[in-house]
Amino acid sequence: MKKFLFILTLTLVLAGLFTATTVFAQGGVTDDEVNAIAKQLYCPVCENTPLDVCPTEACRQWRELIRLQLSEGMTEAQIKQYFVDNYGARVLAEPPRTGLHWLIYILPPIFILGGAFILFNSFRAWTKPQSVEAGTGGESGAASSSPERDEYVARFEEELKKRK
Amino acid sequence: MTETTTPKRGVPLWAQITIWVFLAGLLVLVGVTLGKRQQGTVQPGDAIPDFTLPLFSGYEYEGKSEVKLSDFRGRVVVLNFWASWCKPCEQEAAELEEAWLFYEPSGEVMFLGADYVDTEPEARSYLKKFSITYPNGPDMGTKISQMFRIRGVPETYFIDQNGALYYVKVGPFTSVNEIKTLVEQKLP
Amino acid sequence: MIAEFGFGVLVVSFIVTMYSGIAAVYGAMNKSAALVESARRAQLLTFPLLTLSSLVLIYLLVNNRFDVAFAYEVTSRSMPTYLKVTAWWGGQAGSLLFWSWLLAVFTSAVTLRKWDRDIEFLPWVILVSSITLTFFLGMIVFFENPFTRFWLVNGSVAPSMFAPSAAATVFTPADGQGLNPLLRHPGMVIHPPMLYLGFVAYVIPFAFAIAALATGRTDDRWTRITRRWSLWAWLFLSFGLVLGGRWAYDVLGWGGYWGWDPVEIAAFMPWLTGTAFLHSVMIQEKRGMLKQWNMILIILTYALVIFGTFLTRSGVLSSVHAFANSPIGPFFMGFVTLTLVSSVALLIWRWPLLQSETEMKSMLSREALFLLNNLLFMSILVVCFWGVIYPLISELATGQKVTVGPPYYERATGPLFAGLLFLMAVAPLSAWGHSTLQTLGRAIWKSSAAAAVVTVFLTITYTQNIYALVGFFLVALVLFATGHEFWRGATARQKAQGENFFTALANLMGRNRRRYGGYIIHISMALMAIGILGIEIFQKETQGTLAAGEELNIAGYTIQYRELASWNSPGEGVNYTRAVVDVYENGVYLGQLAPRVDYYYDAQQNMTIPGQRSTLRDDLYILLVDWQPVSSISATFKIYVNPLVNWLWIGSILFLFGVIFAAWPDKDPADEPVRHRAVRDNRQASAAD
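Described below are features of the structure shown in this document. Computed from a prediction, not measured in an experiment: that's the story for all the values here. (Residues numbered from 1 in each chain as written. Chains lettered and ligands numbered in written order. Predicted model: local features only at pLDDT ≥ 70, side-chain atom pairs only at ≥ 80, totals over all residues. Heavy atoms only, no water.)

**A short note on the overall build of chain C**
Across its full length, chain C carries 20 helices and 13 strands. Considering only intrachain contacts with a sequence separation of at least 6, the fraction spanning at least 24 residues in chain C is 71%. Put simply, chain C shows about 24,800 Å² of open surface, and 65% of that area lies on carbon and sulfur atoms. (Helix = DSSP H or I, 4+ residues; strand = E, 2+ residues; numbered from the N terminus. Contact = heavy atoms within 4.5 Å. Areas by Shrake-Rupley, 256 points an atom, 1.4 Å probe, with all protein chains shown as cover.)

Here you go:
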């Protein structure tokens, strides 16, 4: 069986190299089908470079393995699982959602929500005292009764004078 | 100045503690990682934790489809990391096999091949090409290579009868004698 | 001899820098102006010293001095001279010297300014820059010396600065290894200097911030002095990032410009905080608010510069870009710790002094929207930082490495970038201090309507992808709203001054360069967003092996393989393999493209050069993946169609223009009177102007 597999790989590699449009090759798996899966995998030999574009020999072999597995009828999920089992979770583009790895998905939203909460609270703290001293404060508050467009032009002219 | 109207408040204690804990945690994390990177591979003298190497069919050991390092207490273990895509590995493949054949009858030395980031069909043709007979198997999940913190392939680790590392060879061997000399160090 | 001379100069500058720092702090403590002046002169001296040392290194590189280990590693006989010069920053040791030289340039420039009104800052600015420089020079002198030579001792070759023994002789290899081919691309020749310029230039605002903390003079003087510095630093950093993207697109051969690689992110993080700082510092100038926050941001920016440099150069991060394992790790770690701990401690100590009266009249005022913008930038930073750090945690906790790649970053930052685009459209329309939903709505409804029309048009003609449509809507909103601002300003001025429209526009922009420069930058960002949306959402690719005359089809294009040739160019030390393909679009012949693979003998490395056809609508990007070496019968091609990606580059050129427009010095910024402390003060001051 294994020997047969090997011969099959060889045939497929050769087929891949010599047939023009591999779509029509017998039992053919196109480069595009291989790349669609390879794109989502990362080979440890060239770190942080997706498998579909990594030029090393090891990665070329991986792509051929995907081709072989596709021709055997394995699904995308099965192939990915095979690679995880054989080479570890690092082959995936992001950590699997299990155990400790949940941290990477949970922590940023918590921080962002925390930041938003702090900002919102500060807004409220900053706006509240304002209502008390509103009488002393706002020169722009006085202008707000006039129509917006005029206010804009007025503000603008004022600024122009200032800039001269 | 407007600033004087607001009461001067320092950073609350809880915030200070959080900041320092976070900063310390970050520095420790980075420092420990840096330490790990700097120390390189496991060093001679380190006790090697037990690990399990599954074996390729046809390359089993005494009928078992996986072996543990602890199975070989009392023997010198030569653990070789290789890959079929690795050109320098080919330079030493025949030498390793020759050394294995030399020591196999005595039962004092064990050779193991761990296949690093490789595909099975290619690995098989490599083993066949160099007529390798000692137990060989894939480094599943790159767990063993990460444990040894290997820098690349080929790398060979010499482990003594008590499970402690005593020599690391980075790069290919140039002769059978080189391997033999290293093995003999721990043979009576 | 000359190598020893270069090293000697280096050691002297190391000592001089160290003296300058000690003299500065001692002078500040004892109120000794003479000592501070001596520190200042010592600081100035580092520039000619390091220039001299660098020139020596360049001389060694250009003259094939392969007995010098660094020259051996990064140059070879076949390299043209200009590449031998740029090899200066092509390796760890040289690039550290380059970094130090840039730092000396900047600190000299800043110590030459007029200090009369800020003399109390001077010793602290000198101290911060000299600590940084001392540390970088220390790394060079003790760990990564570019002047180290090869010595032959008892038949074996060892690198060493001085003869290891009396019997040792200098060993000169016949040829060098040559620069990594990836670094020989013109984009790569200027990408690192730009990045380093950006990194190093942030030392100056940071030094002033620390000086402000140390002296307790925490008004907005330090932000006024460093305003242009931070703008220039930001320009270089941004441009460095863009150039890096362009370089990746042209030589890395993966059809993209940004791979969310940890090293890329390490350079991106200071950009995020730097951008947030540029915005929030305006709130401080206009409203006297957020002094604490601005201090945090500038410290964070510098800390991220140092931290990112550390991660990439110490070997902590593993990446295609990262430098190999290096002995500088622990020393650098010490500096990172010193920087982080001392700035955080200073900040906490001076926190009460940085308090400012904060008044917020409306959650829709410009300052409120700027704060929201800061929140988004910080959120992107959190996502990036966590993505870079998490693999380290995972590796320590579980012993297994993980990859945190593009899906994580794209998912997490996509909505945040969309939020930034939205703010980019809205914030310029809101007023300082006061805006209501009504005034804001009135200001934006026309632009929104126009953007909606564009979006409907795109839905009918171009795409039904909802993410793309949201993105295009936001881009259109930014373009219309910002364009409207130009128009509104110009017509208002036209009315007030009686000028014609274009004179009015030119005067308007000229008189308020920072604001309109900022708007130009916003427009450029929107254009870049078009390119990013295009490649992220609409990129198509196919791969296939063709015999001569056969075709591949993709997105309306037909690629027909014609021929392939392979030849040696001994002068350059390169083997070229070049395929020629005919390109048709819907049957119409467009021309030929020639994807290449260059093999560099000295570095034993391939470089894949795509055949590109670039239009405003899309890029056709063809890679030669594989070929039959002997017969040349067939070749494998990978073809990408990258829609709209050109807008990314167009946007970046406009961006460059916008920042230079905003940052170009008109007069010494230090001469500007201290004003606009708050709008109230501003009004009074303007009456006095």
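**Overview of the state of the cysteines**
Defined simply, a disulfide is a covalent bond joining two cysteines at their sulfur atoms. All names here are of chain B. Under the criterion given, the structure shown has one disulfide over all chains. Disulfide partner of Cys 86: Cys 89, at an S-S distance of 2.1 Å. In this structure the cystine formed by Cys 86 and Cys 89 twists about its S-S bond by roughly 90°; its chirality is therefore right-handed. Assigned by exposure class, Cys 86 and Cys 89 land together as buried. (Disulfide = S-S within 2.5 Å. Buried < 20%, exposed > 50% of the residue type's maximum accessible area, 1.4 Å probe, protein only.)

**Topic: helix α3 (residues 57–71) of chain A**
All names here are of chain A. Compared with the 21 Å implied by 1.5 Å per residue over 15 residues, the 21 Å span of α3 between its first and last C-alpha is a close match. For α3, the tally of buried residues reaches 11 of 15 residues, placing the bulk of the element in the interior. Burial in α3 covers these residues: Ala 58, Cys 59, Gln 61, Trp 62, Arg 63, Glu 64, Leu 65, Ile 66, Arg 67, Leu 68 and Gln 69. Positive phi appears at Gly 73, one or two residues downstream of α3, with a value of about 90°. (Expected span 1.5 Å × (residues − 1).)

**Topic: the sheet that holds strand β4 (residues 540–547) of chain C**
Residues and elements named next belong to chain C. Reading across from one edge, β4-β13-β12-β11 is the order of the four strands in this open sheet, with antiparallel pairing throughout. Of all the strands in the sheet, just β4 and β11 (611–614) have a single pairing partner and so form its edges. Here the average twist between neighbouring strands, direction ignored, is 15°. Both β11 and strand β12 (residues 618–627) contribute to a ladder of four bridges, which runs antiparallel. Each residue of the ladder has a partner; that of Gly 611, found in β12, is Ile 622. (Pairing = 2+ DSSP bridges. Axes fitted to C-alpha atoms, helices over the stretch in contact; angles between N-to-C directions.)

**Remarks on the packing of aromatic side chains**
For any pair of aromatic rings, the description consists of the separation of the ring centres together with the inter-plane angle of the planes. Under the criterion given, the structure shown has 72 aromatic pairs over all chains. Ring geometry for C:Tyr621 and C:Tyr640: centres 5.8 Å apart, planes at 75°, overall edge-to-face. Residue C:Tyr621 is located in strand β12, and its partner C:Tyr640 is located in strand β13 (residues 634–643); the two are separated by 19 residues in the primary sequence. As far as burial versus exposure is concerned, C:Tyr621 and C:Tyr640 are alike and both buried. Through successive ring pairs, a cluster of aromatic residues spans C:Trp99, C:Phe135, C:Phe136, C:Phe143, C:Phe307, C:Phe310, C:Phe331, C:Phe332, C:Phe335 and C:Phe385. Above the ring of A:Tyr105, the side-chain terminus of A:Arg97 is found at 4.2 Å from the ring centroid. For the cation-ring pair, B:Lys180 lies above B:Phe102, with the distance from its terminal atom to the ring centre recorded as 3.9 Å. (Phe/Tyr/Trp six-rings, centres within 6.5 Å; stacked < 30°, edge-to-face > 60°. Lys NZ or Arg CZ within 6 Å of the ring centre and 35° of its normal.)

**Some details on the sheet that holds strand β2 (residues 156–160) of chain C**
Residues and elements named next belong to chain C. Here three strands make up an open sheet; going across it, the order is β2-β1-β3 and the pairing antiparallel. At either end of the open sheet lies a strand with only one pairing partner, and these are β2 and β3 (169–170). Two elements, strand β1 (residues 149–153) and β2, share five bridges in a ladder whose sense is antiparallel. Pairing of Phe 150 across the sheet is with Pro 159, part of β2.

**Overview of the pairing of strand β4 (residues 109–115) of chain B**
Looking down a regular strand, the side chains alternate between one sheet face and the other. Residues and elements named next belong to chain B. Within β4, seven of the seven residues are buried, which leaves the element mostly enclosed by the surrounding structure. Neither face of β4 is left uncovered, since the one carrying Val 109, Phe 111, Gly 113 and Asp 115 and the one carrying Met 110, Leu 112 and Ala 114 both have all their residues buried. As paired strands, strand β3 (residues 76–82) and β4 are joined by seven bridges and run parallel to one another. In the strand pairing of β4, Leu 79 is matched with Leu 112. Each parallel crossover has a hand, and for β3 linked through helix α2 (residues 87–103) to β4 it is right-handed. (Right-handed = clockwise from strand over helix to strand, strands pointing away.)

**Digging into the interface of chain B and chain C**
Contact residues are listed per partner, giving 29 residues for chain B and 35 residues for chain C. Here chain B meets chain C over a buried area of about 2,800 Å², counting both sides, of which 67% is carbon and sulfur. When the buried area of chain B at its contact with chain C is split by residue, B:Leu27, B:Leu34 and B:Arg37 rank highest and sum to 21% of it. Counting the contacts that link chain B with chain C gives one salt bridge. Residues C:Glu395 and B:Lys36 are paired through a salt bridge, measuring 3.8 Å at the closest nitrogen-oxygen approach. Contributing elements (two or more residues each) for the side of chain B that touches chain C: α1 (13–39) and α4 (143–148) of chain B. (Buried area = accessible area lost by both parts, 1.4 Å probe. Salt bridge = Lys/Arg side-chain N within 4 Å of Asp/Glu carboxyl O.)

**Regarding helix α11 (residues 291–313) of chain C**
Look at α11(C): 33 Å from first C-alpha to last across 23 residues, which is about the 33 Å you get at 1.5 Å a residue. Positive phi shows up at C:Gly315, right after α11(C), with a value of about 90°.

**Things to note about the pattern of salt bridges**
Residue and element names in this part refer to chain C. The tally for this structure, following the rule as stated, stands at 34 salt bridges over all chains. Of the charged contacts, one joins Arg 493 and Glu 499 as a salt bridge, the two residues approaching to 2.8 Å between their closest N and O atoms. The residues Arg 493 and Glu 499 share a single accessibility class, namely buried. For the salt bridge of Asp 582 with Arg 562, the shortest nitrogen-to-oxygen distance reads 2.6 Å. Here Asp 582 is found in strand β7 (residues 574–585), whereas its partner Arg 562 is found in strand β6 (residues 557–569), with 20 residues between them in sequence.

**Concerning the packing of helix α18 (residues 513–538) of chain C against helix α19 (residues 646–663) of chain C**
Residues and elements named next belong to chain C. Axis separation between α18 and α19 bottoms out at 7 Å; the angle between their running directions is 170°. One way to sum up the angle between α18 and α19 is to call them roughly antiparallel. Its residues placed into classes, the contact of α18 with α19 shows 18 nonpolar, six polar and two charged. (Parallel < 35°, antiparallel > 145°, perpendicular 65-115°, else oblique. Nonpolar A, V, L, I, M, F, W, Y, C, P; charged D, E, K, R; others polar.)

**Re the side chain of C:Asp582**
Residue and element names in this part refer to chain C. A residue is classified by how much of its surface remains accessible, and Asp 582, at 4% relative accessible area, is buried. A polar contact is formed between the side chain of Asp 582 and the side chain of Arg 562, at a distance of 2.6 Å. Polar side-chain contacts of Asp 582 include one of 2.9 Å to the side chain of Gln 592. Setting aside chain neighbours within four positions, we find Asp 582 in contact with Thr 558, Ile 559, Gln 560, Arg 562, Tyr 589, Gly 591 and Gln 592. (Polar contact = N/O pair within 3.5 Å; in protein donor to acceptor, adjacent residues only side chain to side chain.)

**Quick look at unusual backbone geometry**
In the segment running from B:Val153 into B:Pro154, the intervening peptide bond is cis, with an omega of -5°. Within the secondary structure, B:Pro154 sits in the loop between α4 and β6 (155–159). The phi dihedral of C:Lys31 is positive, around 50°, even though this residue is not glycine. Looking at where C:Lys31 falls in the secondary structure, it is placed in the loop between α1 (2–29) and α2 (33–62). C:Lys31 gets classed as exposed once you look at its relative accessible area, which sits at 76%. Phi at C:Leu290 takes a positive value of approximately 65°, unusual for a residue other than glycine. Topologically, C:Leu290 is positioned in the loop between α10 (262–287) and α11. Residue classification places C:Leu290 among the buried residues on the basis of a relative accessible area of 9%.

**Things to note about the side chain of C:Ser430**
Residues and elements named next belong to chain C. Mapping Ser 430 onto the fold places it in the loop between α14 (406–426) and α15 (437–461). Given the relative accessible area of 2%, Ser 430 is considered buried. A polar contact of 2.8 Å, which involves the side chain of Ser 430, links it to the backbone oxygen of Ala 427. Setting aside its immediate chain neighbours within four residues, Ser 430 contacts Leu 364, Ser 365, Arg 366, Leu 369, Ser 435 and Leu 440.

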